[in-house]
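# Descriptive structure summary
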Amino acid sequence: RNQAGRRVYTRLDLDWLEWIKRLKSTGMPLEQMQEFAQLRLDGEQTLRQRQLLLMHHSQKLKQEIQRLKQELDVVDYKIEFYAEKIPELE
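So, a few notes on the structure that sits alongside this text.

How each quantity is defined
Residues numbered from 1 in each chain as written. Predicted model: local features only at pLDDT ≥ 70, side-chain atom pairs only at ≥ 80, totals over all residues. Heavy atoms only, no water. Core = buried A, V, L, I, M, F, W, Y, C linked by side-chain atoms within 4.5 Å. Buried < 20%, exposed > 50% of the residue type's maximum accessible area, 1.4 Å probe, protein only. Helix = DSSP H or I, 4+ residues; strand = E, 2+ residues; numbered from the N terminus. Contact = heavy atoms within 4.5 Å. Expected span 1.5 Å × (residues − 1).

Here we come to the nonpolar core. Formed by Trp 16, Leu 23, Met 28, Met 33, Phe 36, Leu 39 and Leu 53, the largest nonpolar core amounts to seven residues. Those elements that place two or more of their residues in this core are helix 1 (11-25) and helix 2 (30-42). A total of three residues in this core trace back to one element, the largest contributor, which is helix 2. Non-local contacts of Leu 23, meaning those with residues more than four positions away in its chain, are made with Met 28, Met 33, Leu 54 and His 57.

On to helix 3 (residues 47-89), then. The end-to-end C-alpha separation of helix 3 is 62 Å, in line with the 63 Å expected for 43 residues at 1.5 Å each. Where helix 3 is concerned, the buried positions are Arg 50, Leu 53 and His 57. Check the buried side of helix 3 and you find it contacts helix 1 and helix 2.

What follows is the structure in C-alpha cells.
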C-alpha cells in the first residue's frame, strides 16, 4: 500500500489478474483456479502440474466447443427451415 493507504499493483500483479479473468471466462471451476494459483505460489517445480491442469482444461473446452457447434448446426437448420416455410405462408 502507498502512503495514502491505497493498494499498489505491479505489472506482474495486473498480468496475473488478467490470466485469472481469462481462466474464469473459459469456465474453469473456482477450485481449479485456486489449485493453479497455489501451484504458481509453490514455484517453478510445479510447472508440469500446471501444464497438466491446463491441458485437462483445454480438452474440456474443446469438447464444449464441439457440443456448441452441434447445437449451432441444429439452430441453423431450423433457421433454414423457417426461411423455406415463411414464403409458402405469404
